[in-house]
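Coordinates in review
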Amino acid sequence: MFGKGLIKGLGITGKHLFNRKVTEFYPEQKPVLPPRTRSSMYLDVPKCTACGICANTCPNNVITITSGKDENNKRVLTGYTMDTGRCLFCGLCTEACPSKALHTTTEFENAVYVKDELLWDMMKKYKADASKQEEGKDNG
Amino acid sequence: MGDIASGLIFLVFALLTVFSAYLVVSSKNIVHSALFLALTFVGVAALYVLMNADFLAAVQLLVYGGAVAIMIVFGVMLTLRSGNAQNSNLDSRNALAGAIVSLLTFATLGLVVFTTEPWRKTVDLSATGTTTGDISWLMLTKYVVPFEVAAVLLLVAMVGAIILAKGVNDSK
Amino acid sequence: MPQFGSDIFLLIANWIRGLFGANTYAADVVMDIVKFIMIYVVLVLAVMVFVMLERKVCAWMQLRVGPNRLGPRGWGQIIGDMIKLMGKEDFRPDNVDKWPWALAPMFFLGITIMVFAVLPFGRGMVPVDLDLGIFYILAISALSVLPVVTAGWASNNKYSLLGGMRSVAQMISYEIPLVFSLLGVVMITQTFKTSAIVEAQQHVWFVLLQPIGFVVYVIAAMAEINRAPFDLIEAESEFGCGYFTEYSGLRFGLFYLAEYANLFLISAVAATVFLGGWQGPFLPGWLWFAIKVLFMVFLIMWFRWTFPRFRVDQLMHFGWKVLLPLSLANIVLTGVGIYVYQLIFPGIGG
């Protein structure tokens, strides 16, 4: 029948009028992203052996690792920076990491005001995070 | 007081009509001429209202203001040639002939105005109390034949337009 | 006997008239001015509500919540929008045709406001109760093509001109079914007077007697005011913004206002002619009128956010090959119906 499609369309929009809305009120309400979202990096510093495979795997030379020797003549991490201005968040480094120290997180508010802030010091980040967790434990 | 007000309103619209009619012929841009023509039509409609011919005024707006003016404006815009409209107008070179024609037209109209008594007529609401009712009454009784002839004429024009728009090749 | 709720505006009008005592001429003049101001106030307020409603309805139909920052649940957004629009620079491009360009939006809005003079907003609340009512509405709104095409031409922009030309084709084509669809009602009531048409719907609304007329009217009127799905003359995806591409600031605001005023207008005419105007139980007349207008506005918004835009040739085919024959058939049907009715009940009407 002519006009059936029109009625159907009106029915769909009419139903949508009363359906639950999907809008997220972003700054007040954080979105729940899927767990495999690759939008930020996190380094579990104690697990890292400073092997440098991640730096070699990276297609964009994002990762810079400096390492030193400790008293047992064992290699330890002294510096780990990521230039996220170049980073694609492709996740190859996390796949390459043999000790599963590096992984992606769903943290996404990475915008900064100054270009230098794009250089992430992953060790500092770990420390800040750890101390935050300490505080959380103390409070809790 | 009401008379003074309606006199003033008449003056305003009469001046508007005459002035925009003058601008139609004197304007250098031909699109402006067409737009002023539309304004003239509207001014004439206002004058009809002041003479109690409200139905006629509405018809004037609908037909002249709404349709004829659009056709003219549209035609002018589509056929626009660059430059001064007065140069491309061939008639403006024969000032003498133009003056004679204008004078004759003016004299004829003046003669009609002055020999018709009374020359300012207002509508006499007799049969039904509204101008619409009166007009429809007259059209369907006294003037039914001209009315129907006009209707047939419009029908013929419409059929002709459809045939023209359809084209020859499609009909075979 | 005036009821307070339904006749509050009439009481105010009588009070103003009473201030002038026996000087009826001055009272008339002052009342005309008051009516004009009231039309303007109602118009602007209604347009504000409609703009906000449009954004909200559009959002709801797309499972969004729409503007949600300013005011309670975002309903204050329209105030912000208005201030933004007024604060914008009134920019005039270099090569526009100055006077027609500047005057077109004013004429467009002015013509729309003129039509509101004959709408019956409530019992005895017709600003000017002309004998020509409906015909006056049609005659004045026929003029509104001219400012659009002027704006399109004067902008000196090919997209604007295309928009203007489409507007001529579209508005003239759809004016004919629009006029014919209202003719059925005029045949039944035998008057153009809007107040008389409302009075005649005391027992039955004309949407029941004239369903075809109503459908044709709504479609043709939506095309006449260039609302989606008939917004070909401002089709953004095809040529910028149509005839008001070159307008900004308050001049654009005038077009915007006029567009929603037109929406108000066609909804009000539909409410008056087909939905019984201010007739209705319990509530005061002007409230019924407002409810019916809001219903029509919602219906038209619903259509807008459901249907995709027409193609130009589809538009012309639909107008001339579907709507025009439908409206003509409606007139014939109505004529036969009135004749049969008069045969059955002799002496009624005629």
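Residues numbered from 1 in each chain as written. Chains lettered and ligands numbered in written order. Predicted model: local features only at pLDDT ≥ 70, side-chain atom pairs only at ≥ 80, totals over all residues.

Attention now goes to the overall build of chain B. Regarding its fold elements, chain B presents eight helices and zero strands. Listing each helix as α and each strand as β along chain B from the N terminus yields α-α-α-α-α-α-α-α. For chain B, restricting intrachain contacts to residue pairs at least 6 apart in sequence, the fraction spanning at least 24 positions comes to 51%. (Helix = DSSP H or I, 4+ residues; strand = E, 2+ residues; numbered from the N terminus. Contact = placed C-beta atoms within 7 Å.)

Moving on, we come to the overall build of chain C. Looking only at helices and strands, chain C features 14 helices and zero strands. In chain C, the succession of α and β elements from N to C terminus is α-α-α-α-α-α-α-α-α-α-α-α-α-α. In terms of overall size, chain C behaves like a compact globule, its C-alpha atoms giving a radius of gyration of 21 Å where 350 residues would be expected to give roughly 20 Å. Once the C-alpha set of chain C is aligned to its principal axes, its extents read approximately 65 × 55 × 45 Å. (Rg over C-alpha atoms; globule rule 2.2 N^0.38 Å.)

For the rest of this paragraph, the subject is unusual backbone geometry. Residue and element names in this part refer to chain A. One non-glycine residue, N61, lies in the positive phi region at around 55 degrees. Its location among the elements puts N61 in the loop between α2 (53-57) and β2 (63-69). With 10 C-beta atoms packed within 10 Å, N61 lands in the exposed category. Despite not being glycine, F89 has its phi angle at roughly 55 degrees, a positive value. The topology assignment puts F89 in the loop between β3 (75-83) and α3 (92-96). On the basis of neighbour count, F89 is assigned to the partly exposed category, with 17 C-beta atoms found within 10 Å. (Buried ≥ 20, exposed ≤ 12 C-beta atoms within 10 Å, placed from the backbone.)

All names here are of chain A. Here β2 runs beside β3; their pairing, made up of seven bridges, is antiparallel. Of the residues in β3, the one forming a bridge with G68 is V76. For β3 and strand β5 (residues 119-121), the ladder comprises three bridges, and the chain directions are antiparallel. In the strand pairing of β5, D83 is matched with L119. (Pairing = 2+ DSSP bridges.)

Residues and elements named next belong to chain A. In spatial order, the strands read β2-β3-β5; together these three strands make up an open sheet with antiparallel pairing. Since the sheet does not close on itself, it has two edges, and those belong to β2 and β5, each with one partner. Across the sheet, the mean angle from the axis of one strand to that of its neighbour is 20 degrees, orientation sign disregarded. (Axes fitted to C-alpha atoms, helices over the stretch in contact; angles between N-to-C directions.)

This brings us to the interface of chain C and chain B. Facing 19 residues of chain C, the contacting portion of chain B comprises 20 residues. Where the side of chain C that touches chain B is concerned, the elements lending two or more residues are α5 (133-142), α6 (145-154) and α7 (158-189) of chain C. In terms of residues, the side of chain C that touches chain B owes the most to one element, α5(C), which gives six residues. Here the side of chain C that touches chain B is built from residues that sort into 17 nonpolar, one polar and one charged. (Nonpolar A, V, L, I, M, F, W, Y, C, P; charged D, E, K, R; others polar.)

A few words now on the environment of W286(C). Residues and elements named next belong to chain C. Secondary-structure assignment places W286 in helix α13 (residues 285-304). Separated by 206 residues in the primary sequence, W286 and G80 have C-alpha atoms spaced 29 Å apart. Aside from chain neighbours lying at most four places away, what touches W286 is F9, F121, G122, M125 and W278.

All names here are of chain C. Axis separation between helix α1 (residues 8-19) and helix α2 (residues 24-61) bottoms out at 9 Å; the angle between their running directions is 140 degrees. Regarding the angle of α1 to α2, the classification is oblique. The handedness of the crossing between α1 and α2 is right-handed. Here A13, I16 and R17 of α1 come into contact with α2, specifically with A27, V30, M31 and V34. When grouped by side-chain class, the residues that make up the contact of α1 with α2 number six nonpolar, no polar and one charged. (Parallel < 35°, antiparallel > 145°, perpendicular 65-115°, else oblique. Left-handed = near helix turned anticlockwise from the far one by under 90°.)

Each α-helix winds once per 3.6 residues, and so residues spaced three or four apart point in a common direction. If you check helix α2 (residues 30-50) of chain B, its first and last C-alpha atoms are 30 Å apart, about what 21 residues at 1.5 Å a residue would give, namely 30 Å. Downstream of α2(B) by one or two residues, N52(B) has phi in the positive range, about 65 degrees. (Expected span 1.5 Å × (residues − 1).)

Counting residues at the interface gives eleven residues for chain A and ten residues for chain C. Of the residues in the side of chain A that touches chain C, the class split is four nonpolar, six polar and one charged.

Taken over all residues, the pLDDT of chain C has a mean of 83, while the share at 70 or more is 97%. Across the assembled chains, the prediction reports ipTM 0.81 with pTM 0.83. (pLDDT = per-residue confidence, 0-100.)

In this section: the nonpolar core. Formed by 122 residues in total, the largest nonpolar core has its most connected members in A38(B), L61(B), Y217(C), F264(C) and A270(C). One finds Y80(A), C93(A), A101(A) and M122(A) within the second-largest nonpolar core, a separate group that totals 17 residues. (Core = buried A, V, L, I, M, F, W, Y, C linked by C-beta atoms within 7 Å.)

Turning next to the packing of helix α3 (residues 54-78) of chain B against α6(C). At their nearest, the axes of α3(B) and α6(C) sit 10 Å apart, and the two run at 15 degrees to each other. Taken together, the axes of α3(B) and α6(C) lie roughly parallel to each other. For the crossing formed where α3(B) meets α6(C), the hand is left-handed. Contacts from G66(B), A69(B), I70(B), V73(B), F74(B) and M77(B) of α3(B) reach α6(C) at V145(C), L146(C), V149(C) and W153(C). Its residues assigned to classes, the contact of α3(B) with α6(C) comprises nine nonpolar, one polar and no charged.

This part is about the confidence of the model for chain B. Scored by pLDDT, chain B comes out at a mean of 80, with 80% of its residues at no less than 70. Put simply, helix α4 (residues 85-88) of chain B is where chain B has its lowest mean pLDDT, 57, and helix α7 (residues 144-166) of chain B is where it has its highest, 90.

Let us now look at the environment of A196(C). Residues and elements named next belong to chain C. Mapped onto the elements, A196 comes out in helix α8 (residues 194-199). Judged by local crowding, A196 falls into the partly exposed class, with 15 C-beta atoms found within 10 Å. C-alpha separation for the pair A196 and T334, spaced 138 residues apart in sequence, amounts to 19 Å. Leave out the neighbours within four places in its chain, and A196 touches T189 and T191.

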